[in-house]
Amino acid sequence: MTSAEKALRIITADNPSPLTGPGTNTFLLGRERVAVIDPGPDLAAHRQAILAAGAGRISHIFVTHAHLDHSGGARALTQATGAPILGFGPAEAGRSAVMERLAREGAIEGGEGLDRDFAPDIALGDGAVVETDEWRLTALHTPGHFAGHLAFRQDETIFCGDVVMGWSSTIISPPDGDLADYFRSLERLDSAGARLLLPAHGAAVHDPSARLAELAAHRRARTVQILSALRAGPATAESLARQIYQVPPMLIPAATRNVLAHLIALSELGAVSTSGPITSGSVFSAH
């Protein structure tokens, strides 16, 4: 274990929910120059806990992506510490060509929890390295859950944001989420060969390859379910979600967004189609 890993602290925000699990994990790395990874929601008590743990030495604020439960507290934290915010870019940066087109057409909704005011002080591209005498973080562009999502690698540990969680699969809500990108990000994380994944929600993942394979298999199985249901007749994303998902009613909207992501990917492959431009209420048919 490196000295930086020994100096790792985790503070979980008090924002539990069915989508955030026990809450957002904020990570503090280092002692003399402290990196904060995901400052979390804009909650005064959480910010005070971060400041106390940072002991006046917070030098960098890293944000995996511009969802309010991750980035909402960033600006107030930088005002309190003077540390710059580092992230991929503005909230809508990094979208695939498909999602850019759908967003322009404006008919698929989305944007749940989007921190529209987010803009990093320092933009980090894929492969960017930030280091001090205590730690070295490498940015990995890992879209899928979110277009401008970054994971951060420190030695054999990856702070993986919302791409991977141990307790649940992540939501993929177009146009911010993209299923094709998600599969590529799972493959990239697997090829990185990390020994530990630290998600922004829930516990650490100690067998990354097994969990990554499980998540990919889950999405492929969901695709099979969607196609099977469509072969019985045309349907909307919502009606498919109600048919396929075994979740409480309050989670059907999130399930519907996941199904829509699958349908968009299948449409790009020519496996399904609609009678017009794709919207959140489109009726899809299998070919």
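Residues numbered from 1 in each chain as written. Predicted model: local features only at pLDDT ≥ 70, side-chain atom pairs only at ≥ 80, totals over all residues. Heavy atoms only, no water.

**Considering the sheet that holds strand 5 (residues 85-87)**
For clarity, the cut-off: Strands are treated as partners if at least two bridges between them are detected by DSSP. To qualify as a helix, a DSSP run of H or I must reach at least 4 residues; to qualify as a strand, a run of E must reach at least 2; elements of each kind are numbered from the N terminus. A contact between two residues is defined here by any heavy atoms of the two lying within 4.5 Å. Each axis is a line fitted through C-alpha atoms, and for a helix only the stretch in contact is used; angles between axes span 0 to 180 degrees, taken between their N-to-C directions.
On the basis of which strands lie adjacent, the open sheet formed by six strands has the order 1-2-3-4-5-6 and mixed pairing. Looking at strand neighbours, the two that pair on one side only are strand 1 (9-12) and strand 6 (122-123), the edges of this open sheet. Strand direction decides the pairing type here: strand 5 and strand 6, joined by two bridges, are parallel. Residue pairing across strands places G87 opposite A123, the latter belonging to strand 6. Contacts from helix 2 (residues 44-54) reach strand 1, strand 2 (25-29), strand 3 (34-37) and strand 4 (58-62), with the element oriented near 165° to strand 1.

**Focus on the packing of helix 8 (residues 237-244) against helix 9 (residues 252-269)**
Heads up, the condition is: Comment on the angle field: the value is read as roughly parallel under 35 degrees, roughly antiparallel over 145, roughly perpendicular from 65 to 115, and oblique elsewhere. For a crossing to be left-handed, the near helix must be turned anticlockwise from the far one by less than a right angle; the clockwise case is right-handed. When residues are grouped by polarity, Ala, Val, Leu, Ile, Met, Phe, Trp, Tyr, Cys and Pro land in nonpolar, Asp, Glu, Lys and Arg in charged, and all others, Gly among them, in polar.
Two elements in contact, helix 8 and helix 9, have axes separated by 8 Å at closest approach and are oriented at 115°. Considering the angle they form, helix 8 stands roughly perpendicular to helix 9. For the pair helix 8 and helix 9, the sense of crossing is right-handed. Judged by residue contacts, A237, E238, L240, A241 and R242 of helix 8 engage I252, A255, T256, V259, L260 and L263 from helix 9. Residues of the contact of helix 8 with helix 9, tallied by class, amount to eight nonpolar, one polar and two charged.

**Re the sheet that holds strand 11 (residues 196-199)**
Across the sheet, five strands lie side by side as 7-8-9-10-11; this open sheet has mixed pairing. One side of each edge strand has no neighbouring strand; the edge strands of this open sheet are strand 7 (129-131) and strand 11. Neighbour to neighbour, the strand axes of the sheet diverge by 25° on average, direction disregarded. Looking at chain direction, strand 7 and strand 8 (residues 136-141) are connected through three bridges and run antiparallel. Directly across from E131, in strand 8, lies its bridge partner R136.

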